[in-house]
Amino acid sequence: MAQLSDIANEFIRDEIEEFLERPEEIERNLALFSRVSPAMQDIAAALIDGDDVTVDRLTRKALDGGVGALEIMDDGLIAGMGIVGIKFREGYVFVPEVLVSARAMKAGMAHIEPILAASGVEPIGTVIMGTVQGDLHDIGKNLCIMMLRGGGFTVIDLGVNTSPAEFVAAVEEHSAHLIGMSALLTTTMPNMAKTVEAFKDAGIRESVRFMVGGAPVTPEFGKDVGADGYGKDALACVELAKKLAVEVN
Amino acid sequence: MSRRFTVIGENVHTSRIVLRKGKRFAIHGGVEGVKFVSVDGSPGFLVISETMRASQAYDEGRIKHIALAVDTAMGGGDGAQAGYEYLRRVVVDQEQTGAHYLDVNVDEISLKLVEQRKAMEWLVGYVRSLTTLPISVDSSDITVIETGLAVATGTGDGRPMLNSASLERAEAVELAVEYGARVIVTAAGAAGMPSDAAERIDNASRMVEAALRVGIAMEDIFVDPLVFPISVDGAFGLHTLDAIREIRRRFGPEIHITGGMSNVSFGIPARRLMNTVFINLAVEAGADSGIIDPVMNPLSAVFAADRDSEPYRIAEDVLLGRDEHCMNYIRAWRKGALNP
């Protein structure tokens, strides 16, 4: 098993030691960061620290030095965001800090995305996001969108008060396979079920995956309406999107 | 403070949670529950239902305690008394800490509107048996509001509040007339939430005019310009404060200006401090009411806050858009510099 001392970057070592509690997460991150190069550890550290200028500079430098775009994305940016996600879940960092790390992720992805696109590597996925019909709340949904974009997803934002037909049309127009539905009101939550039904009626339910979220939404409710997953916050949304993207790619 | 500040106590709300890792959670004889002290001083224990224990929210440590108490009391049987006592405690706490209205919301009791209406009717009836404070009937569904208003109507100061009417359902102001209720009108748009101060002012003004048109008196209108979390965007504080200033200027001294003040501190630490400073800034801008938890933010403490203290100024910088991403504020919190 990998040890803390196998990791070159002191900041990363401190992060793992100070903030990680669950044995499986400690083990996973020790294995991850002891495998990746010191340059990738530096990128991850800057991202955790929310330093977009440094992430921008180090990403460029790594690319110029011949490191692959996918390696930087997985071993630097996504690896760093994994730590941020755990710290947020455990209450060590707060919403503004997660947003600052997401901004740093975006700074790195700005270099990565064109290269991936040019080399024919598909983006990790396209997500259609919207607040369901009858509901005008969008702060949580917009947080999810920021984090998804930071995480390498292409996001089509349908805004608020999105009808089932609009979700179906957007999926067809953008050849997307992931749909995120948000609701803040118990009175509009049933429209999540109506949206899933609309996909069944259109005969394309099997080719897509539904994510649901929003303050009153529960995982149990998500199952009831036939969604494929529930995310309790913006970081959980990204985790879920990654998991579901694998199923439909 | 020249005019009275109207506190709309926000805690009789089914979305409210206590944490399993918090000090209110306990296990008595293998049974999990929420500890409380009854109004008569005796210890109480609200048992967590099987349904709630099976939920993932509970698994992740969140207990919807108000919803649990309502379910328990409405369920009848031997355990019901704990639900009644629990709610009595909440109502008495809100009243004793200075609530002028009790906001009652049962949206999260069930997804079925028929269940929500049943719970609203029951809860309003029960709260009325405990207090003479008027009730603010709060729901995202107009039929649930109507059900609540029908049983919340009293006389004189007992006139209820309708929470809320907005451009999305402007006709709700007519319901206020029908039940002799005061009304909260919000700055939500017909097709979306306002993105700045100007949209707030425009939407709210149209609602004020709609309320005046159906004959509601200026002093019976409470404008909610909408308060969004400062953690998400540093400009959100000024959007609301600028809107308050202009609405006060435009409609004069009689109209009331309120808002869900504690929304501002979602996603950041030291929420009590941030709420305190925001309420003060809102009052300086012209607000004279708040939908707040007076247990967490009693007015006496809110208005006694030392405006020259370092914590106050650090929080004020956040709210006035002078601390990008709350970085200085969070840093100060980590150093312990935000403690009173």
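Residues numbered from 1 in each chain as written. Chains lettered and ligands numbered in written order. Predicted model: local features only at pLDDT ≥ 70, side-chain atom pairs only at ≥ 80, totals over all residues.

Draft legend 1. Representation of the overall build of chain A. Counting its secondary structure elements, chain A contains 11 helices and 5 strands. Relative to its length of 249 residues, chain A is compact, with a C-alpha radius of gyration of 19 Å against a globular reference of 18 Å. Referenced to the eigenvectors of the C-alpha coordinate spread, the extents of chain A come out at roughly 55 × 40 × 30 Å. The buried share of chain A, reckoned over its 249 residues, is 52%. Taking all contacts inside chain A whose residues are at least 6 apart in sequence as the whole, residues at least 24 apart take part in 74%. (Helix = DSSP H or I, 4+ residues; strand = E, 2+ residues; numbered from the N terminus. Rg over C-alpha atoms; globule rule 2.2 N^0.38 Å. Buried ≥ 20, exposed ≤ 12 C-beta atoms within 10 Å, placed from the backbone. Contact = placed C-beta atoms within 7 Å.)

Draft legend 2. Examining the pairing of strand β2 (residues 154–157) of chain A more closely. Residues and elements named next belong to chain A. Side-chain alternation along β2 places V155 and D157 on a buried face and T154 and I156 on a face that remains uncovered. Two strands pair when backbone bridges link them, and strand β1 (residues 126–131) and β2 are joined in this way by 4 bridges, in the parallel orientation. Looking at β2, one finds that M129 is bridged to D157. In this view, the connection linking β1 to its parallel neighbour β2 by way of helix α7 (residues 139–150) has right-handed handedness. (Pairing = 2+ DSSP bridges. Right-handed = clockwise from strand over helix to strand, strands pointing away.)

Draft legend 3. Quick peek at the nonpolar core. If you look at the biggest cluster of nonpolar residues, it comprises 182 residues, and the most contacted ones within it are I43 and A241 of chain A together with L162 and V183 of chain B. Tallying contributions element by element places helix α5 (residues 69–89) of chain A first for this core, with 11 residues. Counting only domains with at least three residues in this core, you end up with domain 1 (4–118) and domain 2 (126–248) of chain A. Dropping the residues within four chain positions of it, A241 of chain A is found in contact with G125, V127, L148, F153, L178 and M211 of chain A. (Core = buried A, V, L, I, M, F, W, Y, C linked by C-beta atoms within 7 Å. Domains from an automatic or database assignment.)

Draft legend 4. Here's a closer look at the interface of chain B and chain A. The interface is formed by 24 residues belonging to chain B together with 24 residues belonging to chain A. Across the side of chain B that touches chain A, the residue classes break down as 12 nonpolar, 8 polar and 4 charged. (Nonpolar A, V, L, I, M, F, W, Y, C, P; charged D, E, K, R; others polar.)

Draft legend 5. Structural view of the domain arrangement of chain A. All names here are of chain A. Taken domain by domain, chain A holds domain 1 (4–118) and domain 2 (126–248). The C-alpha-based centres of domain 1 and domain 2 are spaced at 27 Å. Counting from both sides, the interface comprises 10 residues of domain 1 and, opposite them, 7 residues of domain 2. No other element matches the 6 residues that helix α6 (residues 95–118) contributes to the side of domain 1 that touches domain 2.

Draft legend 6. A look at the packing of α5 of chain A against α6 of chain A. Residue and element names in this part refer to chain A. Relative to each other, α5 and α6 sit at 165°, their axes nearing to 10 Å. The orientation of α5 with respect to α6, classified from their angle, is roughly antiparallel. Of the two possible hands of crossing, α5 and α6 adopt the one that is left-handed. Across the interface between the two elements, A69, I72, M73, G76, L77, M81, V84 and F88 from α5 touch V98, S101, M105, G108, M109, I112, I115 and L116 from α6. For the contact of α5 with α6, the per-class residue count stands at 13 nonpolar, 3 polar and no charged. (Axes fitted to C-alpha atoms, helices over the stretch in contact; angles between N-to-C directions. Parallel < 35°, antiparallel > 145°, perpendicular 65-115°, else oblique. Left-handed = near helix turned anticlockwise from the far one by under 90°.)

Draft legend 7. The arrangement of the sheet that holds strand β8 (residues 135–138) of chain B in detail. Residue and element names in this part refer to chain B. Spatially, 8 strands are ordered β12-β11-β10-β9-β8-β7-β1-β13 in an open sheet, and the strand pairing comes out parallel. Edge positions in the sheet fall to β12 (256–257) and β13 (289–292), since each has one partner strand and no second. Across 4 bridges, the pairing between strand β1 (residues 6–13) and β13 is parallel. Note on β13: the bridge partner recorded for T6 is S289. Lying over the sheet, helix α6 (residues 142–152) contacts β7 (101–105), β8 and β9 (161–165), oriented at roughly 165° with respect to β8.

Draft legend 8. Just the environment of I83 of chain A, in detail. All names here are of chain A. In this fold, I83 is placed in helix α5. By C-beta crowding, I83 is classed as buried, having 24 other C-beta atoms within 10 Å. Remark: the alpha-carbon pair of I83 and A107, spanning 24 residues in sequence, is separated by 18 Å. What I83 contacts, discounting residues up to four positions off in sequence, is E15, N29 and I48.

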